[in-house]
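The residues making up each chain are set out below.
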Amino acid sequence: MNFEFQKLSLSHSMTASVDALVVLWPSQVQPDTQAVEPVSRLVAQAIAHGDFELKAGALLSFYSQPGMAARHVVVACTADNQPGQIRSAMQAAWNALKAGKIKRLGLHVVGEVSVQGLQMALSSLADSSYSYTTTLSKPKARTLKQVLVSATHDRAELRQAVVQAQALVAGVELAKEWANRPANHATPTHLAETAKSIASGRAFKCEVLGPKEVAKLGMGAFMAVAQGAAEPLRFIVMRYNGAAASQAPVVLVGKGITFDTGGISMKPAAEMDEMKYDMGGAASVLGVFKALGELKPSINVVGLIPATENMPDGLAVKPGDVVTSMSGQTIEILNTDAEVRLVLCDALTYAERFKPQAVIDIATLTGACVIALGAVRTGLFSSDDALALQLQRAGEASGDTCWRMPLDDDYAEGLKSRFADVANVAGRAAGSVTAAKFLQRFTKSFAWAHLDIAGTAWRSGAAKGATGRPVGLLLQYLLTAAQATPADKSLGKSKAAVKSGVKGKAKARTAGKA
Ligand code: BES
Ligand code: ZN
Ligand code: MN
């Protein structure tokens, strides 16, 4: 989807050539009864007759009025303009419009809007208008291609917000696409091919390791999970170099279990299909790299994706087996369904070689996290208070929120094993925390955070599907970090781009339009 920003009054946005127009209207702005454009007058009339009230959730729609270029206009009240209100107003407006074939949509915001609010409006519009089509024989393709955003005031941040929202949506939609694909259309090999195509630009590198290379590295825990699978494993290493080589990278590690049967400790049949989403962490890393390619921020980022299926088989790893991880620690695999930590622990050890400023793993790790936090907030675990705070802030700013969970050492008691250095599961209590305690053993040499997205990466029920989370949170975190680190002059950025932490293609595009 393509977003474009223009400074326009409401009456000018009425004449812009769009198929439909959404007007986001906060409660405290009263309509001008003398306005020349029809919308304000019609809103005022509807209020006067008691047919419309400027309160959260209220919608007013008009069709083909004189003075209106769009055939359909929907006014949606955004209450106090908080991002959450904007999200619901936008969803409601799109529901009212979606039956029509809209290619180009106008989005006018009345009054003051924050960067956050504008990004929320665009990302929620993209979310509501998205549909998965890849494995349908007669797909109903999305018609919406372009959004013309207009506001009465013109601030550099708003233009920047629109550019960022476009990159964010591209990243979120890539993540959704791969998470939604069934496991036979999203194998470790497919993920590796996708990573290669995303990381093909000048600032990128991508290396894909197969079973032989992984064995040579001594990733015994990762290999144990993969040994029951017919699909060969892949260990994907992506690099985005937007800053000087001397600058320590942020490493993102995404869980890439392309299907989780549970292995020999097999899962029950009901809803097992949802385990195709078990590579949601990997999909979010791919999505973030897609967005980095568009925004080119001055930061170095490494993406690691250990990818395999978790299958039962004659050769599969068995409960009680002891394996040696890349770190040298031995692990007793008491439950083969706790496979993620086995895969992640070797990826975390591999991350050490980058001497990272921070390592963030993203994983659909535990059902226990779904019980604790539901589908609203991602579970955040971190041994580093500064990193935890940055991620919490990024979550609030992007609306892709998380909640910090504890990591007291007492929670690790249950992981003790008589037959190995550590067991891969503890009891049922505090399952998301004990899982994080297991991972923490492999993160001693860097600042580390873990995001448990088991509840937030997809929705169950009728509207089943991937959400693209936490691409928003991660991108916000990286863009903020890019602003905080000293800029790299050698990459030839403009002054404005250095200031905003964003350079290259996307920046140049807005500059041209300004
Ligand atoms: N992929 C699951 C976690 C999961 C469960 C994600 C439900 C989304 C919804 C993970 O590999 C898993 O199976 N975890 C087990 C761990 C248990 C065996 C200690 C779980 O949460 O039940
Ligand atoms: Zn899993
Ligand atoms: Mn599992």
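The structure we're discussing is the one just above.
Residues numbered from 1 in each chain as written. Chains lettered and ligands numbered in written order. Predicted model: local features only at pLDDT ≥ 70, side-chain atom pairs only at ≥ 80, totals over all residues. Heavy atoms only, no water.

**Description of the overall build of the protein**
Point 1. Scanning the protein from terminus to terminus reveals 16 helices and 20 strands.
Point 2. At 24 Å, the protein has a C-alpha radius of gyration in line with the 24 Å of a compact globule built from 514 residues.
Point 3. Here the C-alpha coordinates of the protein stretch approximately 80 × 55 × 45 Å along the principal axes.
Point 4. The buried share among the 514 residues of the protein stands at 58%.
Point 5. A fraction of 76% describes how many contacts in the protein between residues 6 or more apart in sequence connect residues 24 or more apart. (Helix = DSSP H or I, 4+ residues; strand = E, 2+ residues; numbered from the N terminus. Rg over C-alpha atoms; globule rule 2.2 N^0.38 Å. Buried < 20%, exposed > 50% of the residue type's maximum accessible area, 1.4 Å probe, protein only. Contact = heavy atoms within 4.5 Å.)

**Concerning the nonpolar core**
Point 1. If you look at the biggest cluster of nonpolar residues, it comprises 65 residues, and the most contacted ones within it are L252, F289, I360, Y477 and L478.
Point 2. Setting aside its immediate chain neighbours within four residues, F289 contacts I198, F204, M238, R239, Y240, V301, V302 and G303.
Point 3. Counting residues in hydrophobic clusters, the runner-up holds 49 residues, among them L344, A347, A351 and M405. (Core = buried A, V, L, I, M, F, W, Y, C linked by side-chain atoms within 4.5 Å.)

**Digging into the side chain of N310**
Point 1. Within the secondary structure, N310 is located in strand 11 (residues 300–310).
Point 2. Judged by its relative accessible area of 3%, N310 is buried.
Point 3. At 2.8 Å, the side chain of N310 and the side chain of D260 are in polar contact.
Point 4. One polar contact links the side chain of N310 to the main-chain carbonyl oxygen of T336, over a distance of 3.2 Å.
Point 5. Excluding its chain neighbours within four sequence positions, the residues that come into contact with N310 are V225, I257, F259, D260, T261, G262, G263, T336, D337 and E339. (Polar contact = N/O pair within 3.5 Å; in protein donor to acceptor, adjacent residues only side chain to side chain.)

**Focus: the coordination of the zinc ion (ligand 2)**
Point 1. Ligation of the zinc ion (ligand 2) by protein atoms is provided by K255 (NZ), D260 (OD), D278 (OD) and E339 (OE), these donors lying 2.0 to 2.4 Å from the ion.
Point 2. One can describe the donor arrangement at the zinc ion (ligand 2) as octahedral, given that its six donor atoms subtend angles of 77 to 173° at the metal.
Point 3. In the primary structure, the donors to the zinc ion (ligand 2) are separated according to the pattern K-x4-D-x17-D-x60-E.
Point 4. Separating the zinc ion (ligand 2) from the manganese ion (ligand 3) is a gap of 3.1 Å, bridged by D260, which donates to each. Linking D260 in strand 10 (residues 256–260) with D278 in the loop between strand 10 and helix 9 (280–295), this pair joins segments that are 18 residues apart in sequence. There is no split in this pair, since D260 and D278 are both buried. (Donors = N, O, S within 2.8 Å, 3.2 Å for Na, K, Ca; no water. Tetrahedral: all angles 85-135°; square planar, octahedral: opposite > 155°, others 65-115°.)

**What to know about the pairing of strand 9 (residues 250–254)**
Point 1. Counting buried residues in strand 9 gives five out of five residues, a clear majority hidden from the surface.
Point 2. Burial along strand 9 is two-sided: V250, L252 and G254 and V251 and V253, pointing in opposite directions, are all buried.
Point 3. Where strand 9 lies against strand 11, four bridges are found, and the strand directions are parallel. Across the sheet, L252 pairs through a bridge with G303, a residue of strand 11.
Point 4. Where strand 9 and strand 14 (residues 358–363) come together, five bridges link them in parallel fashion. For G254, the partnering residue across the bridge sits in strand 14 and is I362. (Pairing = 2+ DSSP bridges.)

**Some points on the sheet that holds strand 13 (residues 330–332)**
Point 1. The strand order 12-13-17 describes an open sheet built from three strands, whose pairing is mixed. Edge strands, defined here as strands with exactly one partner in the open sheet, are strand 12 (322–324) and strand 17 (422–423).
Point 2. Inspection of the sheet shows strand 13 paired to strand 17 by two bridges, in the parallel sense. Pairing of E332 across the sheet is with A423, part of strand 17.

**Overview of the packing of aromatic side chains**
Point 1. All chains considered together, the criterion is met by seven aromatic pairs.
Point 2. Here F204 and Y240 contribute two aromatic rings whose centre-to-centre distance is 5.3 Å and whose plane-to-plane angle is 50°, an arrangement assigned as tilted. Here F204 is found in strand 7 (residues 204–209), whereas its partner Y240 is found in strand 8 (residues 234–241), with 36 residues between them in sequence. In this structure, F204 and Y240 share a single accessibility class: buried.
Point 3. Ring centres 5.4 Å apart and planes at 45° place the aromatic pair F438 and F442 in the tilted group.
Point 4. Sitting over the ring of W178, R181 keeps its end group 4.0 Å from the ring centre. (Phe/Tyr/Trp six-rings, centres within 6.5 Å; stacked < 30°, edge-to-face > 60°. Lys NZ or Arg CZ within 6 Å of the ring centre and 35° of its normal.)

**Details of the sheet that holds strand 3 (residues 59–63)**
Point 1. Here six strands make up an open sheet; going across it, the order is 1-6-5-2-4-3 and the pairing mixed. The open sheet has two free edges, formed respectively by strand 1 (2–7) and strand 3, since each of these has just one partner strand. Strand-to-strand twist of the sheet, defined as the mean angle between neighbouring strand axes without regard to direction, takes the value 20°.
Point 2. As judged from the six bridges shared by strand 1 and strand 6 (residues 146–151), these two strands associate in the parallel manner. Paired with Q6 across the two strands is S150, which belongs to strand 6.
Point 3. Running over the sheet, helix 3 (residues 83–97) touches strand 2 (20–25), strand 3, strand 4 (72–77) and strand 5 (104–109) and is turned about 155° from strand 4. (Axes fitted to C-alpha atoms, helices over the stretch in contact; angles between N-to-C directions.)

**As for the coordination of the manganese ion (ligand 3)**
Point 1. Around the manganese ion (ligand 3), the donor atoms from the protein are D260 (OD), D337 (O), D337 (OD) and E339 (OE), and they sit 2.1 to 2.2 Å away.
Point 2. For the manganese ion (ligand 3), the six donor atoms are set out with angles of 71 to 168° between them, so the coordination reads as irregular.
Point 3. For D260, a relative accessible area of 3% corresponds to the buried category.

**With respect to the pattern of salt bridges**
Point 1. One pass over the full model with this rule turns up 20 salt bridges.
Point 2. One salt bridge in this structure joins R142 and E173, with 2.8 Å as the shortest N-O distance. On the criterion of sequence distance, the pair formed by R142 in the loop between helix 4 (115–129) and strand 6 and E173 in helix 5 (residues 156–180) is long-range, its members being 31 residues apart.
Point 3. For E339, the salt bridge identified is with K255, shortest N-O distance 3.2 Å. Within this pair, whereas E339 is found in the loop between strand 13 and helix 10 (340–351), its partner K255 is found in the loop between strand 9 and strand 10, the two being separated by 84 residues in sequence.
Point 4. Relative accessible area serves as the criterion here: at 1%, K255 is assigned to the buried category.
Point 5. Salt bridges linked by common partners bring E112, R155 and E157 together as one network. (Salt bridge = Lys/Arg side-chain N within 4 Å of Asp/Glu carboxyl O.)

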